[in-house]
Amino acid sequence: MKIKKSVVTELVDQLDAILAKMHEDEVSLQPLLEELDESYHRSAQNLVHYMAFRSFDVRKMQKHLKNLGLTRFANSQAHIKASVLNIRYLLGLVLAENEKEALRKHWSIKKGEKLLTRNTKNLLGYRSKGRRVRIMVTQPTEAAYNYELVKMMVQKGMNCARINCAHDSPEIWAKMIANIRRASAEFDRRVKISMDLAGPKIRTGLMSPGPKVVRCKPDKDAYGSVGEPLEVRLVPQDDYQGLPNTIPVGGKDAQQPEQGDILKFRDARDKKRSLHVVSVEDNQIITHAWKTIYFTPDLVLQSSLNKAIQLTVGDLPAAEQAIVLREGDELMISKNELLGSNAQTDESGQVVRPAEVSCQMPQVFDYIQAGDRIFFDDGKIGGIIAAVNAEVFTVNITQARENGSKLRAYKGINFPDSKLGFSGLTEKDRKDLEFVAQHADIVNFSFVNRPEDVEELYRELKRLGVCDKIGVIFKIETRLGFDNLVPILLEGMKFNHIGVMIARGDLAIETGWENIGQIQQDMLSICGAAHVPVVWATQVLESLAKTGLPSRSEITDATTALRAECVMLNKGPYIHEAIGLLNTILSKTESKQNKDDALLPRLESQVISEKV
């Protein structure tokens, strides 16, 4: 093939401009680079080089290089300058130039790839055999009391256990960690413990309580038949933790039913029901139910073998209520604490008072204004802020299901148009961090938006004496966090062992559903340039974990996650199946799939440092 000299000259000129920009940015940022932890010097330098490279639109160059049979830089994040110098050298040979000296002085492509491998191992621990990508699994409350649940997670391939400090308590966290450590020892694996600080998450407040009723429902097959009975545990009231399919009971006397007994009763709907006792162990009565049961307090369970044995259902939590919203409805959001309630109507059906709920982060009132968009519950419900005053703002609902969408307590609220001026550590975070510092391997830092947030976290870790002992994962959940990703990384590099979690649910709402695909690819590239491991999070195999059946798009999504260093699964009744399938997908696909060959336009909105 005849190569046009003019094309090669144009490519060489553009590569020279890129190399000059890399040198210029490296010199200007040298004081900042010198502040970093020694282990990150090369990585930070490469990140600066990559951001200089991405300040150019290289799509035309990529097409020319492809025609010449040369690399297109699509997978060069970890060693960008070496790749540029390689191509510059090869093109220089075409022009009878010699760039061997410059190429020799720079570190190799292989070295860049090794740095990411090392940093991933330092943060997330050893990989599983035959699988590079780690699996992180969110622990449910039940993990504190059900060792077999945790044991199966480790057996199926969990590398890192995630505990969310927004839920439960230090006592329950400690029990979870004990079960994780025990299962790790049993399988001779080192499962890392990561703990999420809740952060200043904006959520809906409490709802008006519903009736005290608990439903226990066996699964049915496609024909509506119950294939397997539901296990229902009867426990003493003092041991009741509100776990699924667990009911508190008290006895008429010290006697308990025996294995093979049948407890008969009428449930809250006056339906005849029975529980078959399969075992009595550790102060718990294990029973099987073949039909759906609605339990209420004071329900009496009568032994069929011994009429003297009666068990009475104890106190139960109130059922969770929800506000039902439709398009065109009005919703009032209160700055003050109140119990959320549905709209009130008169006898003719006219609304006399709109639905209302409180906001758990009253500081938002200082930043929002009429016309701003608002979303609830991961974007399931959307609206426009119609009016704002000191105590309440009203929302016109513009997005909801045809038959109405349910808004529950503690659901996230997003303001994609509002420039919220708060982030960093809350008082709860500071208190929780004391526990995290003593028990966890990794702290997941939520709602990080600026390098100042990173400074604040490191001050606390320094005070607790664990700065060099605990890893940090920065959760990028907002547009501001994404825009400041590079300075956040550079600030994080002042200490060892850092990573980034792409919180795709919040980011999609904040940046727009149409943009999230490109944004997550940009984040993977930037972190790859910094040799910082990425956790691919939010709704991975969620349908499988919750219902037992994956969607086709979930399988594709799990395969795409191979570009990251770790994949996070959320909790669900079928979490074991989700871990097993993800382990299989990652193990089988890794050896056959390379990272995508992407075109690289100029990166918009990213800053390197506020000092530049």
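Residues numbered from 1 in each chain as written. Predicted model: local features only at pLDDT ≥ 70, side-chain atom pairs only at ≥ 80, totals over all residues. Heavy atoms only, no water.

Student: How do you make sense of the packing of helix H17 (residues 552–560) against helix H18 (residues 575–590) when you look at a structure like this?
Tutor: The description of two helices packed together rests on the angle between their axes and the distance between the axes. In contact at an axis separation of 9 Å, H17 and H18 are set at 55° when each is read in the N-to-C sense. Comparing their axes, H18 and H17 come out oblique. By crossing handedness, the relation of H17 to H18 is classed as right-handed. Every residue of H18 that contacts H17 at Ile 555, Ala 558 and Thr 559 is listed here: Leu 581, Leu 582, Ile 585, Leu 586 and Thr 589. Across the contact of H17 with H18, the residue classes break down as six nonpolar, two polar and no charged. (Axes fitted to C-alpha atoms, helices over the stretch in contact; angles between N-to-C directions. Helix = DSSP H or I, 4+ residues; strand = E, 2+ residues; numbered from the N terminus. Parallel < 35°, antiparallel > 145°, perpendicular 65-115°, else oblique. Left-handed = near helix turned anticlockwise from the far one by under 90°. Contact = heavy atoms within 4.5 Å. Nonpolar A, V, L, I, M, F, W, Y, C, P; charged D, E, K, R; others polar.)

Student: What should I look at first to understand the sheet that holds strand E20 (residues 392–399) in this one?
Tutor: Within a sheet, each strand pairs with its neighbour through backbone hydrogen bonds, oriented either parallel or antiparallel. Reading across from one edge, E17-E14-E20-E19-E18-E22 is the order of the six strands in this open sheet, with mixed pairing throughout. Edge positions in the sheet fall to strand E17 (355–358) and strand E22 (413–414), since each has one partner strand and no second. Summarising the sheet, strand E14 (residues 330–334) and E17 pair through four bridges and their orientation is parallel. Bridge pairing in E17 places Met 332 opposite Glu 356. (Pairing = 2+ DSSP bridges.)

Student: Explain the packing of helix H11 (residues 451–463) against helix H13 (residues 485–492) here, please?
Tutor: With their axes 8 Å apart at the nearest point, H11 and H13 run at an angle of 25° to one another. Classified by the interaxial angle, the pair formed by H11 and H13 is roughly parallel. Handedness of the H11/H13 crossing: right-handed. On the side of H11, the interface is formed by Pro 451, Val 454, Glu 455 and Tyr 458, while H13 contributes Pro 487, Ile 488, Glu 491 and Gly 492. Here the residues of the contact of H11 with H13 sort into five nonpolar, one polar and two charged.

Student: Looking at this structure, I do not really get the pattern of salt bridges. What am I missing?
Tutor: Taken as a whole and assessed by the stated rule, the structure comprises 30 salt bridges. As a salt-bridge pair, Lys 212 and Asp 315 come within 2.9 Å of each other at their nearest N and O atoms. One end of the pair, Lys 212, is in the loop between strand E3 (192–196) and strand E4 (214–216); the other, Asp 315, is in the loop between strand E12 (310–313) and strand E13 (323–325), and 103 residues separate them in sequence. Under the relative-accessibility criterion, Lys 212 is labelled partly exposed at 41%. Linked by salt bridges that have partners in common, Glu 427, Arg 430, Glu 456, Glu 460 and Arg 463 make up one network. (Salt bridge = Lys/Arg side-chain N within 4 Å of Asp/Glu carboxyl O. Buried < 20%, exposed > 50% of the residue type's maximum accessible area, 1.4 Å probe, protein only.)

Student: Explain helix H8 (residues 147–156) here, please?
Tutor: Since there are 3.6 residues in each turn of an α-helix, residues three or four apart along the chain are aligned in direction. Along H8, the positions that sit buried rather than exposed are Tyr 147, Leu 149, Val 150, Met 153 and Val 154. Taken end-on, H8 shows its buried residues confined to a sector of 165°, consistent with a single buried face. Contact partners of the buried residues in H8: strand E1 (134–138), helix H9 (170–186) and H18. (Arc of directions from axis to C-beta.)

Student: Would you mind showing me how to read the environment of Tyr 410 here?
Tutor: Relative to the helices and strands, Tyr 410 resides in the loop between strand E21 (405–407) and E22. By relative accessible area, which is 43% here, Tyr 410 ends up partly exposed. Taking the C-alpha atoms as reference points, Tyr 410 and Asp 522, 112 residues apart in sequence, are found 31 Å from one another. Excluding anything up to four places from it in sequence, Tyr 410 contacts Arg 203, Thr 204, Gly 205, Leu 206 and Gln 360.

Student: Even after reading the chapter, I still don't get the packing of aromatic side chains, so can you show me in this structure?
Tutor: Two numbers describe a pair of aromatic rings. These are the distance of the centres and the angle of the planes. Within this structure, the stated rule accounts for seven aromatic pairs. Where Tyr 50 meets Phe 53, the ring centres are 6.4 Å apart and the plane angle is 35°; that geometry is what we call tilted. Of this pair, Tyr 50 and Phe 53 both sit in helix H3 (residues 41–53), separated by three residues, roughly a single helical turn. The buried category is assigned to Tyr 50, whose relative accessible area is 1%. Ring geometry for Tyr 458 versus Phe 495: centroids 4.4 Å apart, planes at 55°, classification tilted. Pair noted here: Tyr 458 is in helix H11 and Phe 495 is in the loop between H13 and strand E25 (498–503), with a separation of 37 residues, a long-range link. For the pair formed by Tyr 458 and Phe 495, the shared burial category is buried. Aromatic ring contacts, followed pair by pair, group Tyr 50, Phe 53 and Phe 73 into a single cluster. When the ring centre of Tyr 147 is taken as origin, the NZ or CZ atom of Arg 182, which lies over that ring, is 3.6 Å away. (Phe/Tyr/Trp six-rings, centres within 6.5 Å; stacked < 30°, edge-to-face > 60°. Lys NZ or Arg CZ within 6 Å of the ring centre and 35° of its normal.)

Student: So what exactly am I meant to see when it comes to the nonpolar core here?
Tutor: Generally speaking, a soluble globular protein has its nonpolar side chains buried in company with each other. With 113 residues, the main nonpolar core has Leu 47, Met 195, Leu 489 and Met 493 as its most contacted residues. Setting aside residues up to four positions removed in sequence, Leu 489 forms contacts with Leu 47, Ile 498, Val 500, Ile 526, Cys 527, Ala 530 and Val 532. If you look at the next biggest cluster of nonpolar residues, it comprises 28 residues, including Phe 376, Ile 397, Leu 420 and Phe 447. (Core = buried A, V, L, I, M, F, W, Y, C linked by side-chain atoms within 4.5 Å.)

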